[in-house]
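Structure at a glance
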Amino acid sequence: MGVSNLQYVNMNSTRNLFVFGVSMVLGLMLPGWLDKHPTAINTGLPCRQRANHHLINKVEILSRFFVIHVVLVVAYVAQR
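So, here's what we can say about the structure.

What counts and what doesn't
- Residues numbered from 1 in each chain as written.
- Predicted model: local features only at pLDDT ≥ 70, side-chain atom pairs only at ≥ 80, totals over all residues.
- Heavy atoms only, no water.
- Helix = DSSP H or I, 4+ residues; strand = E, 2+ residues; numbered from the N terminus.
- Buried < 20%, exposed > 50% of the residue type's maximum accessible area, 1.4 Å probe, protein only.
- Contact = heavy atoms within 4.5 Å.
- Expected span 1.5 Å × (residues − 1).
- Bend = angle between axes of the 7 residues up to and from the residue.
- Polar contact = N/O pair within 3.5 Å; in protein donor to acceptor, adjacent residues only side chain to side chain.
- Core = buried A, V, L, I, M, F, W, Y, C linked by side-chain atoms within 4.5 Å.

1. Focus on the overall build of the chain
Secondary structure summary: the chain contains three helices and zero strands in total. Going from the N terminus to the C terminus, the chain shows its helices and strands as α-α-α. Looking at the chain residue by residue over its 80 residues, the buried ones come to 24%. Summarising the internal contacts of the chain: among those between residues at least 6 apart in sequence, 59% fall at separations of at least 24.

2. With respect to helix H1 (residues 14–36)
Helix length check: H1 (23 residues) gives 32 Å between terminal C-alpha atoms against 33 Å at 1.5 Å per residue, within 8%. Approximately 35° is the largest bend angle found in H1, and it occurs at methionine 29, with the proline proline 31 only one to four residues beyond. Within H1, burial applies to Asn16, Phe20, Ser23, Gly27, Pro31 and Leu34.

3. Focus on the side chain of asparagine 16
When you line up the elements, asparagine 16 lands in helix H1. In this structure the side chain of asparagine 16 is engaged in a polar contact, spanning 2.8 Å, whose partner is the backbone oxygen of asparagine 10. Not counting the four nearest positions on each side in its chain, asparagine 16 is found in contact with Val9, Asn10, Met11 and Val74.

4. Looking at the nonpolar core
In this structure, Leu6, Val9, Phe20, Val70, Val71 and Val74 together form the largest nonpolar core, which totals six residues. With three residues, the single largest contributor to this core is helix H3 (residues 59–79).

In short, shape yes, function no, at least from these values alone.
In structure tokens, the structure reads:
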């Protein structure tokens, strides 16, 4: 759903390519980094800590979040 919307965005723009690339890299690298540093994000609440850890460690969820967010931002900026 998210990546297919990129057909409406000017991907010749270096800004759009940068935003898309950073979102993909963060979505793919953050779960691995959090596996090595499990206490990096400390909410102070054990229940919330476990929930955050499980959600962030799902590569599919995190990368989709970043891609959908970036596509929406890029599409919004492109319409201006």
